[in-house]
Amino acid sequence: MARPFNVAQVEAKWQARWLDEGTYEVDNDDPRDRFYALCMYPYPSGTAHQGHIRNYTFGDLVVRYQTMRGKAVLSPFGFDSFGLPAENAAIKAGSHPRLFTDARMAELKSSVRRLGAVYDWRREVHSHDPQYMKYAQTIFLAFLKAGLAYRAEAPVNWCPGCATVLANEQVLADGTCERSGDLVERKNLEQWFFKITDYAEELLNDIDALEWPERVKTMQRNWIGRSEGVEFDLPLADDGAKALRVFTTRPDTGFGMTYAVVAPEHPLLAELTTDGERAHVAALVERATSASELERTASSDSGAGLEKRGAFTGSFVINPFTNQPVPVYVADYVLGTYGTGAIMAVPAEDERDFAFATVHGLPIVRTTQPPVDFDGGAYSGDGAHINSGFMNGLNVIDAKRKATEYLAEHAAGVVKVNYRLRDWLVSRQRFWGCPIPIIYCDVHGMVPVPADQLPVLAPDDVTMDKSGQSPLATHEGFRNTTCPVCGGPARREADTMDTFTDSAWYYLRYADPFTPNVPFDPVEAAKWMPVDQYIGGIEHAILHLLYARFYLKAFVDIGLATGLPREPFRRLFTQGMIRLSGSKMSKSKGNLIAPEKYYETVGADGLRIFHLFVGPPADDVDWTDQTEEVIEGCGRFLDRVYRLAQYDEVNYHETPDDADLAVRQALHRTIVKVTDGLERWSYNTAVAALMEMLNTISKWARSDHGAERAALDEAIDTMLLLLAPMAPHLTAELWESRHPGDASVHLHQWPVADPALVREATVTMVVEINGKVRARLEVAPGLSEDGAQSAALADPTIVAVLAGATPKRVVARPPRLVNIIV
RNA sequence: GGGGGCGUAGCCCAAUUGGCAGAGGCAAGGCGCUUAAACCGCCUCCAGUGAGGGUUCGAGUCCCUCCGCCCCUACCA
């Protein structure tokens, strides 16, 4: 495509200038109102792909727009630079992950610069930077001191072939290792956890006030999974002094409990198991605990439809409602990690229990009367209670209350709230992450690394071998150390931290990257926090956002972030995915469309306009055969802007006339439309409004009638200002050529519409008869209902159509329409 | 199985939140410019809103049922 100007040259010129002049560097004591705009910091995967481009186009638009609104805008950039892909690449290449990472970072950085996205590069943060690691380790130790970090045994994915632990994403769908193909086993290891569950209630409650997409809020609520119920005792039938403790949300269905179930991991299982059943139970437990999660759930796509495997333990417990003994089963559909790890089973009102009871031939007793048209199975809806003694006739809510009282009196029942949310397992048996700063001494046990010995850095002289085992585990120079307490021989923790720990607080370091020795100075960070606009992908809707919320709350509580808000991200926007022939565009799928070719044709500005224009920013983008042509069209739009700004064959006239006024009105309405579009994430309509405006100005300027000079200058300048956050290079170039010596277009104030020009002098009012349009009237916008009605009924066309008939009813909605019903 | 989203011209999308279905772009066609083509400028064509029902003076918009596609989640008692 032939362009009217040298796109690459213009873009390079302005990119260099923004960088050299530090246009978007901002100080913490800037006197202007503040705005913190943040795109999720990326994993350094190499040159940018369209997903990045889309993300940074939106982010940069926010930065430039808010700057023009007079704000001091914090716009930082950095890298989530630890992680498995670099480790895998290093294994493959036989090199060090840092080499790979640094190279990919440089590529991505130059990509975002080429896009024209602007940042305060002085604030750049990398997770693998030794200083950042030092702060990450400081945070870990602060959590440990505050009781928020603890060690416990937990299962990991163990590959017997590689003799190492695998990350979840290294386990294939069939439960085998992606590298060796061996069947992955579960193995228990001592691992570190963060007590995020201490914050479950607050994390749940604070969701309400966030200006986030509803679906993200819903996902977080579901993930936390609060449920209220009763915990109570089921006495053992042959030893009334002992009891099995269970949790239920439906105590009202207690009369229907026909058996009880314990999880395979339940501590009482051995005691409950009779000699006759020991072999069956052992087989069940073996299968449930050694098999991977995948194997356990692979057989079906429906949780409720899963095969209900279980075994009778040989023991009985007493149902406290009926005082009758019921059998105790062990089954893998009961989880050891939730509630008490044991349940009362009520097949009539719980579909999982129903499925199990059906398979194992256990009795089913209804306690809630299902509706007449109910087609069988478990019924969990509301209804009158039956077969339920003192609860008969009550609905679910009332029966729950009664049952709860009853259990409190007869079965040590207490009201209990449980959460689906588990504590955060942060240990990773990997090399390319931040080492956990702990030392193990034979004499003094677990000892934190003293502050003056931080950061604990991974050694450089390692070879990543094909086994995938972390070299930290075997590197003697790293592992062997001395105990900080006694100086005796000791060993370092070989695990590293989950990379989600790095992304849980990076936004705080961005706000204050200058203070040494502490993760950040709360006084400095408070100047920017919370983030006013966070932008990223929907794939981080749950974990990253939840962990970041947890970190900040914990920071405030343990004194690391005194005075900061307890929520990090006030507003969140999640952009749509780019998909190519139906599937998500991603590096792992190898279906990326590189931006470079478009830089050569339509330039960064053209590509930015495309991403803004192609559809609503929250929607997915289908990259199709036509996309190329749409991108060309976006370049064409910018070319037309360029030509118009350079057009010098205008028939100027001196006194403004009606045509000039009409264009000015259109212009000021465009200011409103574009501003509104930018405020409510309707970038596609904002671009469309500018395209429309361009058409209007262009026709006007090229007409024989001509244009008034001041009005034309105003129109073109205003259009450049409105376009500046979207196409920053072209607008900067044109502004400079139109206003030599003036400040950059980006440093000008955002245009403000003149209300007198926005207001419509008259509005077209539609007159309908029985919903059918019969006449159009030009009326004043402030017309009253009565005025609208009489104007409509007086219109000759309407009089003619009515032909003397008396309207049954007249609905007047001035100044929009009048509907006459006859 | 549960939760959520989407379906409007050939295609991508608008529609002041219940008030004339069309802003913008792509594609197609035409005219002008051109020796010619491209570029450029101008113009034209195209749907009654996935299907059915309901509420309403009035439904793309609200409610119900169904169809199709997509995303999230997964035995949490």
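Residues numbered from 1 in each chain as written. Chains lettered and ligands numbered in written order. Predicted model: local features only at pLDDT ≥ 70, side-chain atom pairs only at ≥ 80, totals over all residues. Heavy atoms only, no water.

### Quick look at the overall build of chain A
Definition in use: Put simply, DSSP marks the helices as runs of H or I at least four residues long and the strands as runs of E at least two long, and each gets a number from the N terminus on. Contacts are assigned to residue pairs with any non-hydrogen atoms lying within 4.5 Å of each other. Using the Shrake-Rupley algorithm and a 1.4 Å probe, accessible areas are obtained, with residue cover drawn only from the displayed protein chains. Note that His is not counted, nor are the chain ends; the positive residues are Lys and Arg, and the negative ones are Asp and Glu. A charge is said to be at NZ when it belongs to Lys, at CZ for Arg, at CG for Asp and at CD for Glu.
Across its full length, chain A carries 27 helices and 33 strands. Put simply, 72% of the contacts in chain A that link residues at least 6 apart link residues at least 24 apart. With the model as given, the accessible surface of chain A reaches about 35100 Å², and the carbon-plus-sulfur share is 52%. In chain A, 82 positive and 109 negative side-chain charges are present, and the distance between their average locations comes to 2 Å.

### Here we look at the side chain of D120
Structurally, D120 can be placed in the loop between α4 (97-115) and β4 (125-126). For D120, the residues in contact, after removing those within four places along its chain, are Y24, E25, V26 and S75.

### A few points about the sheet that holds strand β19 (residues 445-448)
Definition in use: Any two strands are treated as partners once DSSP identifies two or more bridges connecting them. Only the stretch in contact is used when a helix axis is fitted, and all axes are lines through C-alpha atoms; the angle between N-to-C directions ranges over 0 to 180 degrees.
With antiparallel pairing, 4 strands are arranged side by side in an open sheet as β19-β18-β21-β20. On the outer flanks of this sheet lie β19 and β20 (480-482), each paired with one strand and no other. If you compare each strand with its neighbour and ignore which way they point, the axes differ by 40 degrees on average. Where β20 meets strand β21 (residues 489-492), 3 bridges bridge the pair, whose relative direction is antiparallel.

### Digging into helix α23 (residues 709-723)
Put simply, the test is: To estimate how far a helix should reach, multiply one less than its number of residues by 1.5 Å. Relative accessibility decides the category of a residue: with a 1.4 Å probe and only protein chains considered, values under 20% of the type maximum give buried, values over 50% give exposed, and everything between is partly exposed.
Given a rise of 1.5 Å per residue, 15 residues ought to cover 21 Å, and the 21 Å separating the end C-alpha atoms of α23 matches this to within 8%. With 11 of 15 residues buried, α23 lies mostly within the body of the structure. The set of residues buried in α23 consists of A711, L712, A715, I716, D717, T718, M719, L720, L721, L722 and L723.

### Some details on the pattern of salt bridges
Let me state the cut-off plainly: Between Lys or Arg on one side and Asp or Glu on the other, a salt bridge is scored when a side-chain nitrogen of the former is within 4 Å of a carboxyl oxygen of the latter.
Applying the stated criterion across every chain yields a total of 50 salt bridges. Here R221 makes a salt bridge to D208, at a shortest N to O gap of 3.0 Å. A residue pair is termed long-range when its members are at least 10 positions apart, and R221 in helix α7 (residues 214-224) and D208 in the loop between α6 (200-205) and α7 qualify at 13 residues. Overall, R221 belongs to the partly exposed group, its relative accessible area being 26%. The exposure class assigned to D208 is exposed, which follows from its relative accessible area of 52%. With its nearest N and O atoms 3.1 Å apart, the salt bridge here joins K527 to E524. Residue class for K527 comes out partly exposed when judged on its relative accessible area of 28%. Several salt bridges converge on common partners, so that one network encompasses E202, D206, R549, K553, D557, R566 and E567.

### Re the confidence of the model for chain A
Our working rule: Values of pLDDT, ranging from 0 to 100, describe the predictor's confidence in every residue of the model.
In the predicted model, chain A carries a mean pLDDT of 90, and the fraction of residues at 70 or more is 97%. Scored below 50 in pLDDT, residues 298-304 makes 6 contacts in the model with residues more than four places away or belonging to other chains. Per the prediction output, this complex has pTM 0.93; the corresponding ipTM is 0.95.

### Some words on a positive patch on the surface
What counts, and what does not: Two distance rules govern patches: like charges are joined within 9 Å, and nonpolar side chains (Val, Leu, Ile, Met, Phe, Trp, Tyr) within 5 Å, applied only to residues with over 30% relative accessible area and no salt bridge.
The grouping of R640, R643, K699 and R702 at the surface amounts to a positive patch. When contributions to the positive patch are tallied by element, the ones reaching two or more residues are α20 (627-646) and α22 (683-702). Within the fold, R643 resides in helix α20. The class for R643 is partly exposed, based on a relative accessible area of 40%.

### Considerations on the packing of helix α1 (residues 7-21) against α4
Stated formally: Each angle receives one of four descriptions, namely roughly parallel if under 35 degrees, roughly antiparallel if over 145, roughly perpendicular if within 65 to 115, and oblique otherwise. Gly is put with the polar residues, along with every residue not named as nonpolar or charged; the nonpolar set is Ala, Val, Leu, Ile, Met, Phe, Trp, Tyr, Cys and Pro, and the charged set is Asp, Glu, Lys and Arg.
Running from N to C, α1 and α4 cross one another at 110 degrees; their axes reach a closest spacing of 9 Å. With respect to α4, the element α1 is oriented roughly perpendicular. Taken together, the residues of α4 that come into contact with α1 (itself represented by A8, E11, Q15 and L19) are R113, R114 and L115. A class-by-class count of the residues in the contact of α1 with α4 yields 3 nonpolar, 1 polar and 3 charged.

### A closer look at the pairing of strand β13 (residues 342-345)
Residues A342 and M344 line one face of β13 and the alternating positions I343 and A345 line the opposite face, and both faces are buried. Bridging between strand β10 (residues 259-262) and β13 involves 4 bridges; their strand directions are antiparallel. Paired with A260 across the strands is M344, a residue of β13.

### Section: the side chain of E349
With respect to the helices and strands, E349 occurs in the loop between β13 and α11 (351-360). Here E349 is buried and forms no salt bridge, its nearest opposite-charge partner R366 lying at an N-O distance of 4.8 Å. E349 has contacts with R250, T253, V365, R366, T367, T368, A378, Y379 and S380, leaving out every residue within four places of it along the chain.

### Digging into the environment of A279
With respect to the secondary-structure elements, A279 resides in helix α9 (residues 278-290). The exposure class assigned to A279 is exposed, which follows from its relative accessible area of 60%.

### What to know about the packing of α20 against α23
What counts here: Each crossing gets its handedness from the near helix: less than a right angle anticlockwise from the far helix is left-handed, clockwise is right-handed.
Running from amino to carboxyl end, α20 crosses α23 at an angle of 145 degrees, the nearest separation of the two axes being 11 Å. In this structure, the crossing between α20 and α23 has a hand that is left-handed. Residues F637, L638, V641, L644 and A645 of α20 form the contact with α23, whose own contacting residues are I716, M719, L720 and L723. Partitioned by chemical class, the residues of the contact of α20 with α23 number 9 nonpolar, no polar and no charged.

### Examining the environment of S81
Examined against the element boundaries, S81 turns out to sit in the loop between β3 (78-79) and α3 (84-93). Once the C-alpha coordinates of S81 and E692 are considered, the two residues, 611 residues apart in sequence, prove to be 43 Å apart. Aside from chain neighbours lying at most four places away, what touches S81 is P44, T101, M105, H126, S127, H128 and W432.

### Concerning unusual backbone geometry
With omega at 0 degrees, the peptide bond leading from L454 into P455 counts as cis. Counting through the fold element by element, P455 comes out in the loop between β19 and α13 (476-479). That bond from M529 to P530 is cis: its omega, 0 degrees, falls within 30 degrees of zero. Here the phi dihedral of N323 falls at roughly 60 degrees; this positive angle occurs in a residue that is not glycine.

### With respect to the sheet that holds strand β7 (residues 185-194)
Taken in spatial order, the 4 strands of this open sheet run β6-β5-β7-β15, and their pairing is antiparallel. Among the strands making up the open sheet, the edge pair consists of β6 (164-166) and β15 (424-425). Inspection of the sheet shows strand β5 (residues 149-159) paired to β7 by 10 bridges, in the antiparallel sense. Following the sheet pairing, R151 is matched in β7 by W192.

### Describing helix α21 (residues 658-679)
Threshold: Two N or O atoms form a polar contact when they lie within 3.5 Å of each other; inside protein one atom must be a possible hydrogen donor and the other a possible acceptor, and for residues adjacent in sequence the pair counts only when both atoms belong to side chains.
Across its 22 residues, α21 extends 32 Å between first and last C-alpha, which sits within 8% of the 32 Å expected from 1.5 Å per residue. Buried residues along α21 sit in contact with α2 (50-68), β28 (652-653), α22, β29 (707-708), α23 and α25 (755-758). Sitting at the amino-terminal end of α21 is D657, which places a side-chain oxygen 3.1 Å from the backbone nitrogen of A659. Among the residues trailing α21, W681 stands out with phi positive, at a value near 55 degrees.

### Points about the packing of aromatic side chains
The criterion, for reference: To pair, rings of Phe, Tyr and Trp, with the six-membered ring standing in for Trp, must have centres within 6.5 Å; the planes then decide the type, stacked if under 30 degrees apart, edge-to-face if over 60, and tilted in the middle. Throughout this description, the term charge over a ring refers to an Arg CZ or Lys NZ atom that lies within 6 Å of the ring centre and within 35 degrees of the ring normal.
According to the stated counting rule, one finds 51 aromatic pairs in the structure shown. Taking 4.9 Å as the distance between ring centres and 80 degrees as the angle between the ring planes, the aromatic pair formed by F82 and W432 counts as edge-to-face. Placement of the pair is F82 in the loop between β3 and α3 and W432 in the loop between β16 (427-428) and β17 (434-435), with a sequence separation of 350 residues. A connected cluster of aromatic rings, assembled from ring pairs, spans F140, F143, W192, F194, Y199, W424, F500, F520, Y547, F550, Y551 and F555. Over the face of the ring belonging to Y652 we find R709, whose NZ or CZ atom lies 3.9 Å from the ring centre.

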